[in-house]
Amino acid sequence: MVPEITSDDRISAYGALVETQRRLHRIFDRSLRSSAGISIVWYEAMLRLSHAPDCHMPINELGDALDLTSGGATRLVDRLVAEGYVERLPCPTDRRVSWVGLTEKGHQVLSAATEVHIADLDDSFVGVLEADEMKTLRDLLRRLRPPT
């Protein structure tokens, strides 16, 4: 017999988390596409590169960070290279490894997109929470993150 799932708090809590993430992802993606000309996935990729040492990292690490397959990471990088936002770089220690780094154009687009994204975060995420709620949410989500 299947347990009563409609009243299970575990399922409800996880469902609310997933639904909220999907809703915010759609809102942010739509906004970034219309205002900055990039998707939320492109934004996240460039943001992660901007936080990496010297603004570059191995393509496979970028793919892992974005939860992409190897082929998905390669296609993403191909598209970003075609737009001039990133460039492929040789790994200084292993010829078999390809790195990806932000270009000056990528930095400029990321900067403009970040202004849009911060406004969206204020409107649709942070702005609907009290400061203490935001701190609690941040602390809880950090506990759920995998170790880095």
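Remember, it's a predicted structure, so these values are computed and weren't measured experimentally.

What counts and how
- One numbering rule holds for all chains: residues counted from 1, following each sequence as written.
- In keeping with the predicted nature of the model, local features appear solely for residues at pLDDT of at least 70, side-chain atom pairs appear and are counted solely at 80 or more, and the whole-chain, interface and lining totals rest on all residues.
- Processing note: side-chain calculations cover all non-hydrogen atoms of the structure and skip hydrogens and water entirely.
- Whether two aromatic rings pair depends on their centres lying within 6.5 Å, for rings of Phe, Tyr and Trp, where Trp uses its six-membered ring; planes under 30 degrees apart make the pair stacked, over 60 edge-to-face, and the rest tilted.
- Starting at the N terminus, helices and strands are each numbered in turn, a helix being any DSSP run of H or I of at least four residues and a strand any DSSP run of E of at least two.
- Residue burial is assigned from relative accessible area. The probe radius is 1.4 Å, only protein chains are included, and a residue is buried under 20% of its type maximum, exposed over 50%, and partly exposed in between.
- What a helix should span is 1.5 Å times the count of its residues minus one.
- Starting at the helix axis, one direction is taken to each C-beta atom, and the arc is that of these directions.
- What makes two residues a contact is simply this: any of their non-hydrogen atoms within 4.5 Å.
- For two strands to be treated as a pair, DSSP must find at least two bridges joining them.
- Only C-alpha atoms enter the line fits that serve as axes; for helices the fit covers just the stretch in contact. Angles between N-to-C directions range over 0 to 180 degrees.
- Just to be clear on terms, a salt bridge is a Lys or Arg side-chain nitrogen sitting within 4 Å of an Asp or Glu carboxyl oxygen.

Thoughts on the packing of aromatic side chains
Part 1: In the structure shown here, the tally under the stated rule is one aromatic pair.
Part 2: Taken together, a centroid distance of 6.0 Å and an interplanar angle of 75 degrees make the contact between Trp-42 and Tyr-85 edge-to-face. Taken together, the positions of Trp-42 in helix H2 (residues 40-51) and Tyr-85 in the loop between helix H4 (70-83) and strand S2 (86-90) put the pair 43 residues apart, joining distant regions of the chain. Of the two residues examined, Trp-42 and Tyr-85, each falls in the buried class.

A few points about H4
Part 1: Its 14 residues place the ends of H4 20 Å apart at the C-alpha level, agreeing with the 20 Å of an ideal helix rising 1.5 Å per residue.
Part 2: Where H4 is concerned, the buried positions are Gly-72, Ala-73, Leu-76, Val-77 and Leu-80. Down the axis, H4 shows its buried residues gathered within 130 degrees of arc, on one side only. Opposite the buried face of H4, at more than 90 degrees from it, the exposed residues are Ser-70 and Ala-82.
Part 3: Phi turns positive one or two residues past the end of H4, at Gly-84, with a value near 85 degrees.

Brief notes about the environment of Val-81
Part 1: Its location among the elements puts Val-81 in helix H4.
Part 2: Separated by 19 residues in sequence, Val-81 and Val-100 have C-alpha atoms that sit 9.0 Å apart.
Part 3: Residue contacts for Val-81: discarding those within four places in its chain leaves Val-86, Glu-87 and Arg-88.

Notes on the sheet that holds strand S3 (residues 98-102)
Part 1: Taken together, three strands build an open sheet; the order of strands is S1-S3-S2 and the sheet is antiparallel. Two strands lie at the open edges of the sheet, namely strand S1 (56-58) and S2, each paired on one side alone. Here the strands of the sheet are splayed against their neighbours by 30 degrees on average, with no regard to which way each runs.
Part 2: Sheet analysis places S2 next to S3, joined by five bridges and oriented antiparallel. By the bridge assignment, Arg-88 is partnered in S3 with Val-100.
Part 3: Relative to the sheet, H2 contacts S1, S2 and S3, its axis offset from that of S3 by approximately 95 degrees.

Digging into the pattern of salt bridges
Part 1: If you walk through the whole model with that rule in mind, you get six salt bridges.
Part 2: A salt bridge links Arg-88 to Asp-78, with the nearest nitrogen and oxygen atoms 2.5 Å apart. One end of the pair, Arg-88, is in strand S2; the other, Asp-78, is in helix H4, and ten residues separate them in sequence.
Part 3: With a shortest N-O distance of 3.0 Å, Arg-96 and Asp-94 are connected by a salt bridge.

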